[in-house]
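One letter stands for each residue in the lines below.
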Amino acid sequence: MKLSIGREQLLKPLQQVAGVVERKHTMPILANVLLQVSAEEISFTGTDLEVELVATQKLNQEHFAQAGEITIPCRKLLDICKSLPSNAMIELSLDDNKLLIKSGRSRFSLATLPAQDFPSLEEDAGAFSLNISQGNLKRLIEKTAFAMAQQDVRYYLTGMLFEVTNNQLRAVTTDGHRLALFDAQAETVPTDKIQVIVPRKGVQELQRLLNDDDSVLHLTFGNNHLQVTLPISGGKKKEDDNDNEGFVSFTSKLIDGKFPDYQRVLPRGGDKVVLVSHEDFRNALQRVAILTNEKYKGVKFLLKNNELCVQANNPEQEEAREEMAVEYNGDELEIAFNVQYLIDVLGVLQGTNTKMILSDANASMLMQETDSQDALYVVMPMRL
């Protein structure tokens, strides 16, 4: 195997797969990337056995390539490429079990492992597919990812539920204390409702790859995997594109489990509707949160006619109090929440005002934007 290529052309696909490569590993080969070279293109493959990324870069006439494949330490190769000048040409060649790297007066020799030992995710027949714009898919993840459980014996809560219905893709996440839901338009073949759970690592890697543009992505949900291919540059894929930027194929295993019936926990019949300035509310909560501590993040809401008072206390007998004008004409209510959960929701909500719907001190609160029904958030109350 031999390859002569510009630094940027080598660095782009390598950076795309580096995020999924394990730093701490039980299998040494998982710290490596699989480099495959042909006359027309090169590809890097990285995996942690849960998520697999394959970044492919087309070669042009300026590049020299001799076919071959090998696995090499990802971080070392990445750091070497980053340290070289931006206009550098890099030559790669195999010498026994070493990869030789030459650029200008720089010389490196890296240990390798055989390509045939590199693990790959099993092929999975596609059960169904849908088309969705990059921007919509990115928003879907950004609006809901924060509510995934970090660690939970209910392993299915540590991922994101993707629910497909006719021309709609819904994402739902919950950690048992709060819930996030977002709907995005998608092109689907009419089908019965289908649900899959994508694990946290897969969600995070897919979010990193996505861009805000309107280019259409083709998502394929198999029995065990989610697959999607998108441009390395994040730009639109055109029929006449010469593919100089290359593409990334993303594959993630799915969580084998049943997501809880989230419809049952959505508050219904709340008769207390509060409209509050989004920015003022978020700033007030951030100030009050200063006097909470790591173990206890509770704040008390005192709600009465057109006024909301937020209070926080801590073990040092310190107190914070914020009063703000709101639109509310219902009965007086005293209720407590984890302030960080509220700040997280306000971090993804947009618009001038935020709507809160409550019923009583023991029932969950529903939060959403006043001018959009695409997203809704549920926060359970705390006992003070």
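Bear in mind the structure is a predicted one, so any value in this text is a computation, not a measurement.

Here's the deal with the packing of helix H3 (residues 134-142) against helix H4 (residues 200-209)
Two elements in contact, H3 and H4, have axes whose closest approach is 10 Å; the angle formed by their N-to-C orientations is 140°. When the axes of H3 and H4 are compared, the pair comes out oblique. Of the two elements, H3 crosses H4, and the hand of that crossing is left-handed. Facing Gln134, Leu137, Ile141 and Glu142 of H3, the residues of H4 in contact are Val203, Leu206, Gln207 and Leu209. Broken down by class, the residue content of the contact of H3 with H4 amounts to 5 nonpolar, 2 polar and 1 charged.

Concerning the pairing of strand E21 (residues 307-313)
Where burial is concerned, most of E21 is hidden: 5 out of the 7 residues are buried. Where strand E20 (residues 298-304) folds back onto E21 in an antiparallel hairpin, the turn is made up of 2 residues, including Asn306, whose phi is positive at roughly 55°. Relative to strand E22 (residues 319-325), E21 is paired through 7 bridges, and the arrangement is antiparallel. From the neighbouring strand, Ala312 faces E22, where its bridge partner is Ala320.

A few points about the side chain of Ser215
Of note, Ser215 is situated in the loop between H4 and strand E16 (216-222). At 2.5 Å, the side chain of Ser215 forms a polar contact with the side chain of Asp213.

As for the sheet that holds E16
Strand order in the open sheet formed by 9 strands is E6-E2-E3-E4-E18-E17-E16-E10-E14, with antiparallel pairing between adjacent strands. Whereas interior strands pair on both sides, the edge strands pair on one side only; in this sheet they are strand E6 (68-73) and strand E14 (187-188). Alignment of strand E2 (residues 32-37) against E6, held across 6 bridges, turns out to be antiparallel. Bridging from a neighbouring strand, Asn32 pairs with Pro73 of E6. In this fold helix H1 (residues 7-18) packs onto E2, strand E3 (41-47), strand E4 (51-58) and strand E18 (247-253), with an angle of close to 165° to the strand it touches most, E4. In the packing of H3 onto the sheet, contacts are made with strand E10 (126-133), E16 and strand E17 (225-231), and the angle to E10 comes to roughly 100°.

What about the packing of aromatic side chains?
Counting across every chain of the model gives 6 aromatic pairs. Centroid distance Phe128 to Phe221: 4.8 Å. Interplanar angle 10°. Geometry classified as stacked. Placement of the pair is Phe128 in strand E10 and Phe221 in strand E16, with a sequence separation of 93 residues. With relative accessibility at 14%, the residue Phe128 sits in the buried group. Assessed through its relative accessible area of 0%, Phe221 is described here as buried. Summarising the aromatic geometry, the rings of Phe146 and Tyr377 are spaced 5.9 Å apart at their centres and angled 35° between planes, so their arrangement reads as tilted. Separated by 231 residues along the polypeptide, Phe146 in the loop between H3 and strand E11 (159-165) and Tyr377 in strand E26 (residues 375-379) bring together distant segments of the chain. Taking relative accessible area as the criterion, Tyr377 reaches 1% and is therefore assigned buried.

Describing the state of the cysteines
Under the criterion given, the structure shown has 0 disulfides. Free cysteine Cys81: the closest other cysteine sulfur is in Cys74, separated by 9.9 Å.

Here we look at the confidence of the model for the protein
In the predicted model, the protein carries a mean pLDDT of 90, and the fraction of residues at 70 or more is 96%. Under a pLDDT of 50 for its full length, residues 234-243 has, in the predicted model, 14 contacts with residues more than four places off or in other chains.

A word on the side chain of Ser93
Its place among the elements puts Ser93 in strand E7 (residues 89-95). Under the relative-accessibility criterion, Ser93 is labelled buried at 18%. Apart from the residues within four sequence positions on either side, Ser93 is in contact with Met1, Lys2, Lys98, Leu99 and Leu100.

Cut-off values and rules
- Residues numbered from 1 in each chain as written.
- Predicted model: local features only at pLDDT ≥ 70, side-chain atom pairs only at ≥ 80, totals over all residues.
- Heavy atoms only, no water.
- Axes fitted to C-alpha atoms, helices over the stretch in contact; angles between N-to-C directions.
- Helix = DSSP H or I, 4+ residues; strand = E, 2+ residues; numbered from the N terminus.
- Parallel < 35°, antiparallel > 145°, perpendicular 65-115°, else oblique.
- Left-handed = near helix turned anticlockwise from the far one by under 90°.
- Contact = heavy atoms within 4.5 Å.
- Nonpolar A, V, L, I, M, F, W, Y, C, P; charged D, E, K, R; others polar.
- Buried < 20%, exposed > 50% of the residue type's maximum accessible area, 1.4 Å probe, protein only.
- Pairing = 2+ DSSP bridges.
- Polar contact = N/O pair within 3.5 Å; in protein donor to acceptor, adjacent residues only side chain to side chain.
- Phe/Tyr/Trp six-rings, centres within 6.5 Å; stacked < 30°, edge-to-face > 60°.
- Disulfide = S-S within 2.5 Å.
- pLDDT = per-residue confidence, 0-100.

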